[in-house]
Amino acid sequence: MGTRVQQLKVEGRGRPLGLGTRVPRLSWIIESDEPSQVQTAYHVQVASSVDRLQSDNPDLWDSGVVQSDQSVYVPYAGQSLASNTTYWWRVRVRDRHGLFTEWSEPACWSMGLLERSEWLGKWIGTELDPEAILPSPTYLRKEFQTAGPISRAFLYATALGVYELRLNGQRVGGGRFAPGWTDYHTRVQYQTYDVTHLLAEGSNAVGSILGTGWYAGHVGMMGRHIYGTTPRFLMQLMLEYEDGSQEIIVTDETWRMATGPLIYSDMIKGERYDARLEAQGWDQPGFADGAWQPVTCFAPYQGILTAQEDEPIRVMETLQPVKMWRTERGTFIYDLGQNIAGWVRIKLRGEAGQMVAIEHAEMLDTDGTLYTANLRKAVQKDIYILRGGDEEEVYEPRFTYHGFRYVEVAGADDLDEGSLVGCAAYSAMEPAGSFETTDERVNRLYKNIVWGQKGNFFSVPTDCPQRDERLGWTGDAQVFARTASYNMNVAAFFRKYMIDMTDAQRDDGAFPDTAPDAGWSEYKKISSAKWFAPDNAGWGDAGVIIPWTMYLMYGDRRILEDHYEAMKRWVEYLKRNSDGLIRPDYANHADWLSIGEETPKDVLATQYFAYSASLLARIAEVLGRSEDAAAYRQLFQDINAAFVNRFVAEDGTITGDTQTVYVLALAFRMLPEHLAEKAVRNLLKRIEARNWHLSTGFLGVSYLLPVLSDNGHHDLACRLLLTDTFPSWLYSVKHGATTIWERWDGWTEERGFQTPSMNSFNHYSLGSVGEWMYRYLAGIEPDPASPGFRRIRIAPRPCSGLPEVKGSFRSEYGLISTHLRCDESRRELVLKVTVPVNTTAVVSLPGEAQALGGHSAAVGLKPGGQFYEIGSGSYEFVCRYESC
Ligand code: BGC
């Protein structure tokens, strides 16, 4: 194979369309069968056509040979990029012997519409009756002629609402719920589609189905009309003919509208579809739309119109049911074997007008019926009315989704196992990690964590997919961000979410509880909980923690630059709103859903204040703002001093004396050494007092095991992981969980289901232990001094009870993997490691080690050390150890 360049990415995505940034960043992966291979120079070329590129005529940018080892996020530095244009690029690199690779295969990206003035269309739709609680989606259409053979056709579209785009009878793009969720008061994203292959010479028809979505439909428990009452749609189709001429088709008053078979389709309230009302061919040319109405044109949108930053939501997996049965009521219940977010695709036959109800739930109640008590005001029921006739009818809903494992179908004549599949829909993030051990329970826990992400990364990181909530809770997002980025590539997802966060930042600097805010900050004042805190410790801090996590995991410095001022305003806000650097005790959420222990809110809030200040100091350092860095380092020291003074006794007891107060003080390095040692002992006492069980809630839980492992108690961390008595991670696994539950006691043997008003079975927060599994068991960790896994720390720690652990992570440089096998009786371990090209790794082992065969000899490892510095390739070590 030699050495070659693969997997070209722009802004972290392969072949992205419609970029909004004028300086896109280019990345590539280098593969080689030679050990310790690196890039010593790169050469990038960018051209306006693939032919130009391949005939060595890069008319936009020829970087020349740049002496640099940078292969991730290299900023484009050619001629300025134009709207609605496709760019082709390739790259070659020089290796450590001074030899160049072949040029990579060409890849491309396209630019979106960079100026607002380039949008020529009008926002169209139809005025909806504000009294109609579940209004019907609007069908919009237009026919047009093309004047000759087309060489390129790109379509730009968006909506205030949600839309499905159709061209000549076909769905355009696989995305769902476009344009995704943002704070529509401030901004909306547009999507770019290459539709060249869908156009015909002569007559064409474009159509759109427009639903209320987050814009005008129900959002969380806040009700409907959060952003407006009437959805609207904007589109621009830009045609380029083979003869070089151009034409633009836009939304305007020439479009026609009607309602159709979709009676309603609401994010939270389900869907009703009457197939008898289908208008065959409405999205094709030649359809008689005489009975359709003219559309209404609305005033231009005042917010920001921006290119979609993240991956669209798609149906990412379909699941066959594992079981089905007929009930006494004559209904059919299906078990998908997995709790998912999405819907079902069902095949039906029957009479015209026959009504089939499809209901969804996460659990079965004790009497075998669907457990829907936990849905609050959400309706997880879709209704389909059959068209009738001989043909099989296939139905799946459009603008609604559900959280479920079980499906009950009522009103259908005869169904079998093959009649339906579950469609799991989520933001189309690429898988990144894997994790496997010899303990099936731990493997199931890992799967549950990943499914928690799949069920909730839905344009924004939602708390849950089933009840009337589904909000972008910032605290949940931050505790899980690190785990999420090991599981899947979330660089673009969180880049977009950070925009949501800063859009929702208050003028005084407070970051929100939920992003988009979606009316939550007003609603909480009147909610029965009487929540009023303008900021919440551990929630608002997401505004600093998430960018830092993205920087660590992907080396994305731009996310730090883009949000630096917002982060500063947050820390300054915290400082202003504290008394002698002690934060008030008003935080409503505290250590949310801890079990049996209440962490005092002022302690917790001061701890998070310190953490945000310390991260901001590190961020300032990275950005070269040394004065700020010094000031925030000092602030961190001062907060710690105030904290110790107010809350920490000489014997290391911290006010509240909960597991979480110790965990956070240690994780955030707030204590001088002599107190830190005592705090560790107190933490152990707190765990022992609960008969070696945890008590931590959303905030404490993500640091509990890392703190134990880092402070000489890795064995206890492993014990807590492997405990399956209540409360523990494996307790839910033992009781059949296929996702992470919202609360430790969501269901218990003694009490059955918890209070239904807050009992989701698909909440990822307590799954933040995934991070520890990757970092401490698989031992795959980025070095903050060389982020994005440019330099890797490999330090898997043996875990008593797990003789074998395999883990991997697809970094921006390529695949990192570890495979640890421990023989506990002989206290010997064997570790296999793979490190990608253009990175180095420091392997730390718990005892004197030897490198075996393979590449090891080639890089001249010395036997007998505990630390090895290695370059790319595959290695194997044996090591005798005393403890870990
Ligand atoms: C949500 C949580 C969220 C919390 C804040 C709940 O209703 O489901 O995940 O973080 O409120 O206290």
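Above this text you will find the structure in question.
Residues numbered from 1 in each chain as written. Predicted model: local features only at pLDDT ≥ 70, side-chain atom pairs only at ≥ 80, totals over all residues. Heavy atoms only, no water.

1. A word on the side chain of H714
- Within the element layout of this structure, H714 appears in helix α14 (residues 714–722).
- Of the polar contacts made by the side chain of H714, one reaches the side chain of S709; its length is 2.8 Å. (Helix = DSSP H or I, 4+ residues; strand = E, 2+ residues; numbered from the N terminus. Polar contact = N/O pair within 3.5 Å; in protein donor to acceptor, adjacent residues only side chain to side chain.)

2. Concerning the site of the ligand
- Residues in contact with the ligand, as listed here, are D463, R467, E469, W473, D476, W531, W539, H589, W592, F698, E742 and H763.
- A distance of 2.7 Å separates an oxygen atom of the ligand from a polar side-chain atom of E469.
- Within the contact set of the ligand, an oxygen atom lies 2.5 Å away from a side-chain nitrogen or oxygen of D476.
- Against a free-state accessible area of 310 Å², the protein chains account for coverage of 97% of the ligand.
- Taken together, the residues that form the shell around the ligand break down as five nonpolar, two polar and five charged. (Near = heavy atom within 4 Å. Areas by Shrake-Rupley, 256 points an atom, 1.4 Å probe, with all protein chains shown as cover. Nonpolar A, V, L, I, M, F, W, Y, C, P; charged D, E, K, R; others polar.)

3. Concerning the environment of N711
- Take N711: it is sitting in the loop between α13 (698–710) and α14.
- The class of N711 is partly exposed, set by a relative accessible area of 30%.
- With 34 residues separating them along the chain, N711 and E677 place their C-alpha atoms 8.5 Å apart. (Buried < 20%, exposed > 50% of the residue type's maximum accessible area, 1.4 Å probe, protein only.)

4. A short note on the sheet that holds strand β2 (residues 25–32)
- One open sheet accounts for three strands, arranged β1-β2-β5; its pairing is antiparallel. This sheet does not close on itself; its edge strands, each paired only once, are β1 (3–10) and β5 (74–75).
- Examined bridge by bridge, β2 and β5 share two bridges and lie antiparallel to one another. Bridging across to β5, R25 finds its partner in P75. (Pairing = 2+ DSSP bridges.)

5. A closer look at a negative patch on the surface
- Together, E351, D413, D414, D416 and E417 make up a negatively charged patch on the protein surface.
- With respect to the helices and strands, D416 occurs in the loop between β31 (402–410) and β32 (420–427). (Patch = residues over 30% accessible without salt bridge, like charges linked within 9 Å, V, L, I, M, F, W, Y side chains within 5 Å. Salt bridge = Lys/Arg side-chain N within 4 Å of Asp/Glu carboxyl O. Lys, Arg positive; Asp, Glu negative; His and termini not counted. Charge placed at Lys NZ, Arg CZ, Asp CG, Glu CD.)

6. Digging into the nonpolar core
- By size, the foremost hydrophobic cluster in this structure holds 230 residues, and its most contacted members are F494 and L671.
- For L671, the residues in contact, after removing those within four places along its chain, are F643, V644, V648, I654, A665, L666, A676 and A679.
- Counting residues in each nonpolar core, the second largest holds 28 residues, with L140, I150, V195 and L237 among its members. (Core = buried A, V, L, I, M, F, W, Y, C linked by side-chain atoms within 4.5 Å. Contact = heavy atoms within 4.5 Å.)

7. A word on the sheet that holds strand β42 (residues 828–835)
- Taken in spatial order, the six strands make up an open sheet running β33-β40-β41-β42-β46-β44, and their pairing is antiparallel. The open sheet terminates on both sides in strands that have one partner only, identified here as β33 (433–437) and β44 (849–852). Taking each pair of neighbouring strands and ignoring which way they run, the sheet shows an average axis angle of 15°.
- The sheet contact formed by β42 and strand β46 (residues 873–880) spans eight bridges and is antiparallel. Its bridge partner lying in β46, T834 is registered against S874.
- Seen against the sheet, helix α16 (residues 769–777) touches β33, β40 (804–811) and β41 (814–823) and runs at an angle of roughly 75° to β33. (Axes fitted to C-alpha atoms, helices over the stretch in contact; angles between N-to-C directions.)

8. Notes on the packing of helix α8 (residues 558–576) against helix α9 (residues 601–622)
- The geometry of α8 relative to α9 is characterised by a closest axis approach of 10 Å and an angle of 145° between their N-to-C directions. For the pair α8 and α9, the sense of crossing is left-handed. Contacts between α8 and α9 involve L560, Y564, M567, K568, W570, V571, L574 and K575 from the first element and F609, S612, A613, L616, I619, A620 and V622 from the second. (Left-handed = near helix turned anticlockwise from the far one by under 90°.)

9. Brief notes about the environment of G540
- Tracing the backbone shows G540 in the loop between α6 (520–526) and α7 (542–554).
- Once you skip the residues sitting within four places of it in the chain, G540 turns out to touch T474, M501, F511, P512 and W570.

10. What about the pairing of strand β45 (residues 867–870)?
- In β45, alternate side chains face the same way, and those of Y868 and I870 are buried while those of F867 and E869 on the opposite face are not.
- In the sheet, strand β43 (residues 840–844) pairs with β45 via four bridges, with the strands oriented antiparallel. Bridge pairing in β45 places V842 opposite E869.

11. Focus: the pairing of strand β39 (residues 791–794)
- Of the two faces of β39, the one holding I792 and I794 is buried and the one holding R791 and R793 is not buried anywhere.
- One ladder, built from four bridges, connects β39 with β43; its direction is parallel. Its bridge partner lying in β43, I792 is registered against A841.

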